[in-house]
2 protein chains.
Amino acid sequence: MAKLFLLCRVIPAFRSVCGEDGVSLGAAVREQHGRDESVHRCRPPDVVVWPRSVEEVSALAKICHHHHLPIIPFGTGTGLEGGVGALKGGVCFSLRNMDRVLDLHQEDFDVSVEPGVTRKGLNSYLRDTGLWFPVDPGADASLCGMAATSASGTNAVRYGTMRENVLNLEVVLADGSIIHTAGRGRRPRKTSAGYNLTNLFVGSEGTLGVITKTTLRLYGVPEAMVSAVCTFPSVQAAVDSTVQVLQTGVPIARIEFLDDVMIDACNSFNSLAYPVAPTLFLEFHGTEKSLEEQVTVTEEITQANGGSDFSWARDAETRGRLWKARHDAWYAALALRPGCKAYSTDVCVPLSRLPQIIVETKEDLMLNGLTGPIAGHVGDGNFHCIMVMDPNDQDEVIRVHEFTERLARRALALDGTCTGEHGVGLGKRALLREEMGPLAIEVMQGLKATLDPKNLMNPGKVL
Amino acid sequence: MAKLFLLCRVIPAFRSVCGEDGVSLGAAVREQHGRDESVHRCRPPDVVVWPRSVEEVSALAKICHHHHLPIIPFGTGTGLEGGVGALKGGVCFSLRNMDRVLDLHQEDFDVSVEPGVTRKGLNSYLRDTGLWFPVDPGADASLCGMAATSASGTNAVRYGTMRENVLNLEVVLADGSIIHTAGRGRRPRKTSAGYNLTNLFVGSEGTLGVITKTTLRLYGVPEAMVSAVCTFPSVQAAVDSTVQVLQTGVPIARIEFLDDVMIDACNSFNSLAYPVAPTLFLEFHGTEKSLEEQVTVTEEITQANGGSDFSWARDAETRGRLWKARHDAWYAALALRPGCKAYSTDVCVPLSRLPQIIVETKEDLMLNGLTGPIAGHVGDGNFHCIMVMDPNDQDEVIRVHEFTERLARRALALDGTCTGEHGVGLGKRALLREEMGPLAIEVMQGLKATLDPKNLMNPGKVL
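This write-up is about the structure you can find in this document. Remember, it's a predicted structure, so these values are computed and weren't measured experimentally.

**Topic: the overall build of chain A**
At step 1: Secondary structure summary: chain A contains 18 helices and 17 strands in total.
At step 2: For a compact globule of 463 residues, the expected C-alpha radius of gyration is about 23 Å, and chain A comes in at 22 Å, within 12% of that figure.
At step 3: With respect to the principal axes defined by its C-alpha atoms, chain A has extents near 70 × 55 × 45 Å.
At step 4: Among the 463 residues that make up chain A, the fraction classed as buried is 63%.

**Concerning the environment of R399 of chain B**
Residue and element names in this part refer to chain B.
At step 1: Inspection of the secondary structure puts R399 in helix α16 (residues 394–413).
At step 2: Judged by its relative accessible area of 23%, R399 is partly exposed.
At step 3: With 198 residues separating them in the primary sequence, R399 and F201 have C-alpha atoms 34 Å apart.
At step 4: Once residues lying within four places of it in the same chain are set aside, the contact partners of R399 are N368, G369 and L370.

**Re the interface of chain A and chain B**
At step 1: If you look at the interface, chain A gives 86 residues, while chain B gives 87 residues.
At step 2: Carbon and sulfur atoms make up 56% of the area that chain A and chain B hide from each other, which totals about 7,000 Å².
At step 3: Counting the contacts that link chain A with chain B gives six salt bridges.
At step 4: Residue E421 of chain A pairs with K190 of chain B through a salt bridge whose shortest N-O separation is 2.9 Å.
At step 5: If you look at where chain A meets chain B, you find 41 residue pairs in polar contact (both at pLDDT 80 or more).
At step 6: The set of elements that each furnish at least two residues to the side of chain A that touches chain B consists of α8 (162–165), β8 (178–180), α9 (197–201), α10 (235–247), α12 (288–304), α17 (429–436) and α18 (438–451) of chain A.
At step 7: Considered class by class, the residues forming the side of chain A that touches chain B number 30 nonpolar, 36 polar and 20 charged.

**Thoughts on the sheet that holds strand β3 (residues 91–94) of chain B**
Residues and elements named next belong to chain B.
At step 1: In space, the three strands of this open sheet follow the order β1-β3-β2, with parallel pairing throughout. Each edge of the open sheet carries a strand with a single partner, namely β1 (47–49) and β2 (71–74). Neighbour-to-neighbour, the strand axes of the sheet open up by a mean angle of 25 degrees, direction not taken into account.
At step 2: Bridge count for β2 against β3 is four bridges, and the pairing is parallel. From the neighbouring strand, P73 faces β3, where its bridge partner is F93.
At step 3: Sheet strands in contact with helix α4 (residues 54–66) are β1, β2 and β3, and its direction is about 170 degrees off that of β3.

**Digging into the nonpolar core**
Across soluble globular proteins, nonpolar side chains have a tendency to be buried as a group.
At step 1: Counting 178 residues, the largest nonpolar core has L122, M162 and I357 of chain A together with L122, M162 and I357 of chain B as the members making the most contacts within it.
At step 2: Discounting chain neighbours no more than four positions away, the residues touching L122 of chain B are V101, V111, V113, V117, F133, L143, L216 and L218 of chain B.

**Observations concerning the pattern of salt bridges**
At step 1: Under the criterion given, the structure shown has 50 salt bridges over all chains.
At step 2: Across the salt bridge formed by R52 of chain A and E56 of chain A, the nearest N and O atoms sit 2.9 Å from each other.
At step 3: Judged by relative accessible area, which is 45%, R52 of chain A ranks as partly exposed.
At step 4: You can call E56 of chain A buried: its relative accessible area is 15%.
At step 5: Salt bridges sharing common partners tie together D108, D110 and R187 of chain A together with R353 and D415 of chain B.

**A short note on the pairing of strand β9 (residues 210–217) of chain B**
Residue and element names in this part refer to chain B.
At step 1: By the criterion of burial, β9 is predominantly enclosed, with seven of the eight residues buried.
At step 2: For strand β5 (residues 110–113) and β9, the ladder comprises four bridges, and the chain directions are antiparallel. The partner of V113 across the bridge, within β9, is T214.
At step 3: The pairing of strand β7 (residues 166–172) with β9 spans six bridges and is antiparallel. Considered in β9, the bridge of E170 is made with K213.

**Digging into the relation of the copies chain A and chain B**
Two copies of a chain can be linked by a rotation about an axis combined with a shift along that same axis.
At step 1: The transformation that overlays chain A on chain B combines an axial shift of 0.0 Å with a rotation of 180 degrees, and the residual RMSD is 0.0 Å. Within this description, the copies of the chain are treated as partners about a two-fold rotation axis. Residues of chain A ranked by C-alpha distance from the rotation axis are headed by S290 of chain A, positioned 2.8 Å from it.
At step 2: Both copies contact each other with a shared surface, as 100% of the interface residues of chain A are interface residues in chain B too.

**Digging into the packing of aromatic side chains**
At step 1: Applying the stated criterion across every chain, the model contains eight aromatic pairs over all chains.
At step 2: Ring geometry for W132 of chain B and Y159 of chain B: centres 5.4 Å apart, planes at 85 degrees, overall edge-to-face. Of this pair, W132 of chain B sits in strand β6 (residues 131–132) while Y159 of chain B sits in helix α7 (residues 156–159); the two residues are 27 residues apart in sequence, bridging distant segments of the chain. Across the pair, exposure class does not vary: W132 of chain B and Y159 of chain B are buried alike.
At step 3: Look at Y159 of chain B and Y219 of chain B: their rings are 5.1 Å apart centre to centre, the planes differ by 75 degrees, and that puts the pair in the edge-to-face class. Here the residue Y159 of chain B occupies a position in helix α7, and Y219 of chain B occupies one in strand β10 (residues 219–220), the gap between them amounting to 60 residues.
At step 4: Members of the aromatic cluster, joined through ring pairs, are W132, Y159 and Y219 of chain A.
At step 5: Seen from the ring of W323 of chain A, R254 of chain A lies directly overhead, with NZ or CZ sitting 5.4 Å from the centre.

Quick notes on the rules
- Here the residue index of a chain counts from 1 through its sequence in written order.
- As a convention, the first chain written is A and the first ligand written is 1, with the rest following in written order.
- Restriction of local features to residues with pLDDT of at least 70 applies here, the model being predicted, together with a cutoff of 80 or more for giving and counting side-chain atom pairs; totals for whole chains, interfaces and linings are based on all residues.
- The basis for the side-chain values is all heavy atoms of the structure; hydrogens and waters are excluded.
- Under the scheme used here, helices are H or I runs from DSSP no shorter than 4 residues and strands are E runs no shorter than 2 residues, and both carry numbers assigned from the N terminus.
- To get the radius of gyration, use the C-alpha atoms; to get the globule rule, take the number of residues to the power 0.38 and multiply by 2.2 Å.
- Each residue gets one of three labels from its accessible area relative to the maximum for its type: buried under 20%, exposed over 50%, partly exposed in between, using a 1.4 Å probe on protein chains only.
- Any two residues whose heavy atoms approach within 4.5 Å at even a single point are treated as in contact.
- Throughout, buried area stands for the accessible area (probe radius 1.4 Å) lost by two parts on being put together, summed over both.
- When a carboxyl oxygen of Asp or Glu is within 4 Å of a side-chain nitrogen of Lys or Arg, the pair counts as a salt bridge.
- In protein, a polar contact requires one atom able to donate a hydrogen and another able to accept it; more generally it is a pair of N or O atoms within 3.5 Å, and residues adjacent in sequence count only if both atoms are side-chain atoms.
- Any residue outside Ala, Val, Leu, Ile, Met, Phe, Trp, Tyr, Cys, Pro, Asp, Glu, Lys and Arg is labelled polar, Gly included; the first ten of those are nonpolar and the last four are charged.
- Two strands form a pair only when DSSP identifies at least two bridges running between them.
- Axis definition: a line fitted to C-alpha atoms, limited for helices to the stretch in contact. Angles are taken between N-to-C directions and run from 0 to 180 degrees.
- Note on terminology: a nonpolar core comprises buried Ala, Val, Leu, Ile, Met, Phe, Trp, Tyr and Cys residues joined through side-chain atoms within 4.5 Å.
- What sets the superposition is a least-squares fit of C-alpha atoms, and only residues with pLDDT of at least 70 in both copies go into it.
- Centres within 6.5 Å make a pair out of two Phe, Tyr or Trp rings, where for Trp the six-membered ring is used; the pair is then stacked when the planes are under 30 degrees apart, edge-to-face when over 60, and tilted otherwise.
- For a Lys NZ or an Arg CZ to count as sitting over a ring, it must be within 6 Å of the ring centre and within 35 degrees of the ring normal.

Okay, here's the thing in structure tokens:
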């Protein structure tokens, strides 16, 4: 710590944390960790800095590099796999003071944002432009954090994940040097110029550098939206409907699955009366006319698969009411056991494997007496179990941990991945090794060693 | 060469090239280089091998690695930037004998292919499944080669490029080790598990490893297609129409721009009578009903921008006739100067910069007495000048070279890239440095050194 207080004299951003008297650390750590919603134990850094520019981030990184201090980038702390824990202490770079929306190009459908800008903040900024940024992981996460964790969410089936929507990144490397992954200021919609550095940093979870700016692809706000809900006799019937909807080319914007337990929880939480059965929530974006057809085709498909209680909504208010169940799933799950905490685990498998893995997972939950309603982005084969548990019940915590590992291995056995969108962080490092195999892990380790030879960038995560 | 003939005794694949008498090299080199359509000088390898399995590729790579022999992967040789030239001699790995379509999963919309499978070959294989693979760079390239060069083409505006459509790659590294970039056999539609190795190898142009298998995302064949052609008073009017079509969310499948010179060439070549003016060729995919609306909206937009002679076609034959001009653009350009050769150069800029760069480029062509009709994937801001020149006229060759450099620098000055889809290869290495800046190039060099410390993989390309 003495070394850190010494550093405060060099950089204004350091002073703004520690102050001249060096006492504000406690508050900084609380700020950093109060919002980590994962079950991972709080691992505070030694100090938090709030740089205000890429130059300050670079200067701070150079000092950390010189003194072998770990660097932990921090956006909004909404990640779920312990990505912001400071396992080896060090300096947390909280980036909330870099919060400008830069360089909006309406005609080119792109915008650049600093790391303090959240997805809701950006969409609010874009309100009068007819454009929006669709990637929506649920939380109001920072967009640079979403790039760092390769976030996706409900809209990914139509608009892709962060991987498909980041055009360029400004990154401060471990030694303080500043790079632009697609070249400074560049924003073509496609490129084949050299190695794809942009997508090397997207999903690197702060282990390769600090993302200080991201250039994003934007979309025209759809002329109209329609939402629908439909109940199915089985998981298989819901998945079959999903496959057939995708097969026909309906450009569906959202297709979300909730299992019977999740629906039951939502009914209780929101005083709703959905049938307690596997359910799909759908959303269609397009012109008024095209929506009619999308809905008709989808309704025919769901009916042919035994779907019933197909209800749909066109105006914003009714759509909001319809989706309330899905949007409040997290809180509805928590309400199943008051006083408990929740942890959302995530896997992703090829579509055809969904019925098998969901049925087996539900049996596993029952067998082990665990509460884990299921909600998922079924169009991508991605789903979550929201594990509701008593964090003081050590036995239950262990059973949840063992369950999530079994779930991930079940996904791996079905050609899937241990994480579709939450990332590896702290919690899934061992599973990543099983997923990738030793040689691919060696390649990842080689890349990490090249970019961060001192292992200072968010150490102990991913690999 | 003595060393290579010695090697022939070890590996059957080597024997199949050199034979026991070691004389078939000439034919092999001709096979390799007969199809390189770029203007880059033929640089033959010392030997060509035709491995039949990933194990043979691995065994051959180990021998090359041990003896410090360069490895040049070869798919169909349809690349345009000299990517298959053997600058330092060495061993060309021709992969045409690995030509199986593997593991088609219709319900999951994915398939794996070996490197000998071309895009037309795959689509022919898929004919009865209701699925197709849309990425279409023009040439009937091998799909693994398309992954290696990050190919795209006319459909990218709707379906994305190879970057968005490769789920997994099997890669043999320089030392002969075999990795799977997303883990062996994995094919979830999305993942956030570890570094994105898949997209590090997509677009690496053979400089990081030999791609021996690629897992691709497939799409449902659209129920119907409609094509249209429309003439504009100016480049600006054509681009404005494009931006507005994208803005309204019309899910346009193709939107291709041809300049007046290109249209004139096409008219002559195919005895057509399109007005000699900036022209858009469009294609819409969807249901019968949705197509009507897409066409109506697009026609309204083009008319509001002064577009005229809007003609459209629904049945396959009329569509084929309509698109013939665009499809034959290469040969129409060549026919402008019989006996000459053509070289297609490519840049990509943000949409709003297209009018400026195209107008300036046409002036440049006129001023320097060069023949370079323009055709482009305008929905992505990507366009090509098809440079028709006399390869024996050294002065003209130099003027074309200088022109392509000016064109690339013009794209760079407008926030664009020196290559949207042809790659860097041999021809654009200096431009890549200007585009990326020295620090990002250093990062790329670091990645290359990590994966290929002896610089054996396609040396002298990209970096």
